[in-house]
Amino acid sequence: MIPAATSFFGLVMLRCSLQRGVLSLLALCILPSATFAADRAVDFAREIRPLLSDKCFFCHGPDPTHREADLRLDMRDGVFADRGGYAAVVPGKPDESEIILRITSDDDDIKMPPPDSHKELTTEEIALIKRWVEQGAEWKGHWAYEPLERPPVPQAASADWPLNSIDRFVLARLDREELSPSQDSDKVTLLRRLSFDLTGLPPTPDKVAAFMADESPGACARQVDRLLASPQFGERMAVYWLDLVRYADTVGYHGDQVHNITPYRDYVIKSFNDNLSFDQFTREQLAGDLLPEPTMWQRIATGYNRVLQTTHEGGAQEKEYLAKYSADRVRNASSVWMGSTLGCAECHDHKFDPFTQEDFYRFAAFFGDVTETGIFPGAPNANPTKRPPEIPVWNFEQYGRLQAIDHRVSELNSLRATASGGESLAEIEKELTALAEERAAIEKAFPLCMVTVAQEPRPIRLLSRGDWMDESHPPLDPAVPGFLPPAAHENRATRLDLANWISSDQNPLTARVFANRTWKLFFARGLSGNLDDVGAQGEAPEHPELLDWLAVEFRDSGWDVKHLVRTIVTSHTYRQSSLETPEMRRRDPQNRLLARQSRFRLPAEFVRDNLLAVSGLLVRRIGGESARPYQPEGYYRHLNFPERTYQAHTDSNQYRRGVYTHWQRQFVQPMLRAFDAPSREECTTERPISNTPLAALAALNDPSFVEASRVLAAHTLTQESDQSSRLRSMWRRVLSRDSTSEELDLLRRLVEQDRAEYATDPKAADELLSIGLAPIPKDVDPVELAAWTSAARALLNLNEAMTRN
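Residues numbered from 1 in each chain as written. Predicted model: local features only at pLDDT ≥ 70, side-chain atom pairs only at ≥ 80, totals over all residues. Heavy atoms only, no water.

## Digging into the overall build of the chain
Within the chain, the regular secondary structure consists of 32 helices and four strands. Taking 805 residues into account, the globule formula puts the C-alpha radius of gyration at 28 Å, and the chain, at 29 Å, falls close to it. Viewed in the frame of its principal axes, the chain has a C-alpha envelope of about 95 × 70 × 60 Å. Out of the 805 residues belonging to the chain, those deemed buried represent 55%. Long-range contacts, defined here as pairs at least 24 residues apart, represent 72% of the contacts in the chain between residues at least 6 apart. (Helix = DSSP H or I, 4+ residues; strand = E, 2+ residues; numbered from the N terminus. Rg over C-alpha atoms; globule rule 2.2 N^0.38 Å. Buried < 20%, exposed > 50% of the residue type's maximum accessible area, 1.4 Å probe, protein only. Contact = heavy atoms within 4.5 Å.)

As structure tokens, then:
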């Protein structure tokens, strides 16, 4: 019964909650960066620049309207300039440096930061700045804006451990820290890690058995290649990309009606599976319509420019919402490709980074040719709503069918050229006619998709304080931020020029940003921990040379995404165990030094995908309409314009992967939301990982979890003949490994306890088994099935079942 399952689940979750709580506390116990050995060189990029940015740039940074004393501390010239007999910093001479005088003063009239700024330097931070000055005040440009060059690969102290260049960088750092790498993960853990990381799905029992039996050299690399070639790789990568571009099935504002965009999601999946080069991936999304004779997929790709939030409210102001859409595109494109907060310059120059307000609006001008209106025409209560321009396009499933038709037509045309005899020709013509009719039927069923159509660019002006009614400034031509290398273009710059600039060798940001975020997918944290801001308020990378090496390797490989992923996951650094020693926990609680692997809960979609996969319910169809899984009745009761009632799918769509789930921005599917899926109103570079009772309750009681448990239990009962083999089989199917005798005994006692309780309350057994659409085997005893369903629920709720180790 449910209480029995809860008791087992509760014990496990209590243990895991305590473990996570300890880890959270340890994460807060990192020694402050100002705690250093007397002979250690101060790291300007990691220790001094972040302090200046946090405590000083607001008044002494890029924004001239708020700059005090005409002093810039974000620029070398400002820091060291002669200011009439004194300087902010005199290298090697703290007693002659005005900055030291000010930060150590007790006089509120000259003390910096001033008391009314509500910013304060700690004693350790003051000592750190003073020591930096004593050591000569080394100054470096901001790491993310420096030209991207390949650093030399360090010589490894151990020739045996490194498998590629990544390992040499990591090992060199560990040697400096007097640490050693962790031992390798066991093979089951490694295969589960690779499977979840590269496909978002667990390995099947037969894949585990084959890998365990393969002792030949290159066994791991072959698994990597197999998984990269899997169509599920594209689905896995798409989940993260769709977070970045804030993909959703609905408009977001006001009535949050459905809009036509699902083929864009299929394009993203197909692009990752085809290993489309990232520079071309960029061009097609930003400017596919401007390419010569764009293909249908390239036109679908331009749905990126249309997937932002829009309104269909009758009282909305046309001009206001055009300004909103324009600003949204600047925020998103600059975040997705540049890892930058250019959006902060909408109303004024950036407070911390060298982006000006003019940069913001010149960037917006690239998108001035996107055909749209501030308020879209048609009935405001239409669902799906109309957001022209829209064109009929194929989805991935239809594309596959058309490809097959074209292949067969080509074969038949070849046969017709060599056929002899009227009967043979007649048969060929008959089949060709049938194929033409089939093609026409498929094309007639094409879904609509929003696309980009270029128009005469509308004027984009600098808006004082972001005021959409302001027309006091002249129209601006498109341009990239002025402090970065310029974009090559003829005449007025276009979105295609922007896309080419983003992936040019001169752009220092794009390759670093993508490489850093890709690293995060496989280590839980980027080499630079702030994934959405590589500017002054971000975080300098812990392994700067490794990040630059990866970025150059990615760029010079032809922007080959699978090459970047393969390089990372075939490293020895990746293979390490995620188990930590007390010394590791004390020295490096957040695993910045990479002396071990990381453990983290699976993303929301993969939590659900996992239970569908191990139960056998998962439908692996690629692309097509969005899926509507179970969710509580009445969840949409607050949606209006129009009012609507959610209808869960009752066919195979119910069991499709999470990447296909209908994404209602205002009301995200509640099971996914409980596991931290974002609303996708803005670019999401990193999801939080929370540990809440709501998620625990969803994992225990959500219909998908309960149904998957029932189907897994039924499979176990029908495939295995005795209790012991059933227990072992279920455990292995969910966790990929054999159970210990203690674990097996605990699970056995749970089954026996629930069997006894359900025998006395068969109605409760029937209620449990009634959840979900999947049929119940007729030859299985309901009490027995209910008892094993409870056992399956407990296993699927284990921390190990939904954690990537």
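From this point on, the discussion continues.
## A short note on the confidence of the model for the chain
The predicted model of the chain averages 92 in pLDDT, with 95% of residues at 70 or higher. Overall, residues 1–36 carries pLDDT values under 50, and its contacts beyond four positions in sequence, including any with other chains, amount to 50 contacts. (pLDDT = per-residue confidence, 0-100.)

## Details of the domain arrangement of the chain
Taken domain by domain, the chain holds domain 1 (43–137), domain 2 (187–230), domain 3 (245–388 + 455–541), domain 4 (396–444) and domain 5 (702–804). The centre of domain 1, based on its C-alpha atoms, is set 53 Å off from the matching centre of domain 2. (Domains from an automatic or database assignment.)

## Here's the deal with the pattern of salt bridges
Applying the stated rule across the entire model yields 55 salt bridges. Note that Glu-542 and Arg-46 form a salt bridge whose closest N and O atoms lie 3.0 Å from each other. Note that Glu-542 is positioned in the loop between helix H20 (510–523) and helix H21 (544–556) and Arg-46 in helix H2 (residues 44–55), a separation of 496 residues in sequence. Salt-bridge contacts for Arg-246 lead to Asp-328; the nearest nitrogen and oxygen are separated by 2.9 Å. Highlighted residues: Arg-246 in the loop between helix H11 (231–244) and helix H12 (262–274) and Asp-328 in helix H15 (residues 318–338), separated in sequence by 82 residues. The same class applies to Arg-246 and to Asp-328, which are both buried. Salt bridges sharing partners connect three or more residues here, namely Arg-46, Arg-173, Glu-177, Glu-542, Glu-583, Arg-586 and Arg-587. (Salt bridge = Lys/Arg side-chain N within 4 Å of Asp/Glu carboxyl O.)

## Some details on the packing of aromatic side chains
Each aromatic ring pair is described using two quantities: the centre-to-centre distance and the angle formed by the ring planes. A complete count under the given rule lists 37 aromatic pairs for this structure. Centre to centre, the rings of Trp-297 and Phe-396 are 6.5 Å apart; their planes meet at 45°, and the pair counts as tilted. A residue pair is termed long-range when its members are at least 10 positions apart, and Trp-297 in helix H14 (residues 296–301) and Phe-396 in helix H17 (residues 396–418) qualify at 99 residues. Judged by relative accessible area, Trp-297 falls into the buried class, the value being 8%. Grouped by ring-pair contacts, the aromatic residues Trp-241, Tyr-247, Tyr-264, Tyr-267, Phe-272, Phe-278, Phe-281, Tyr-304, Trp-337, Phe-514, Phe-554 and Trp-559 constitute a single cluster. If you follow Arg-656 out to its NZ or CZ, it ends over the ring of Tyr-660, 4.2 Å from the centre. (Phe/Tyr/Trp six-rings, centres within 6.5 Å; stacked < 30°, edge-to-face > 60°. Lys NZ or Arg CZ within 6 Å of the ring centre and 35° of its normal.)

## Here we look at the side chain of Ser-185
Along the chain, Ser-185 falls in the loop between helix H7 (165–176) and helix H8 (187–199). Residue classification places Ser-185 among the buried residues on the basis of a relative accessible area of 13%. The residues contacting Ser-185, other than those within four sequence positions of it, are Leu-190, Arg-193, Arg-575, Gln-576 and Ser-577.

## Examining the packing of H12 against helix H13 (residues 278–287)
Remark: H12 packs on H13, axes separated minimally by 11 Å, with the N-to-C direction vectors making an angle of 165°. In terms of their interaxial angle, H12 and H13 are classed as roughly antiparallel. Along this stretch, H12 crosses H13, giving a crossing that reads as right-handed. Between H12 and H13, the residues in contact are Tyr-264, Tyr-267, Val-268, Ser-271 and Phe-272 and Phe-281, Glu-284 and Gln-285, respectively. (Axes fitted to C-alpha atoms, helices over the stretch in contact; angles between N-to-C directions. Parallel < 35°, antiparallel > 145°, perpendicular 65-115°, else oblique. Left-handed = near helix turned anticlockwise from the far one by under 90°.)

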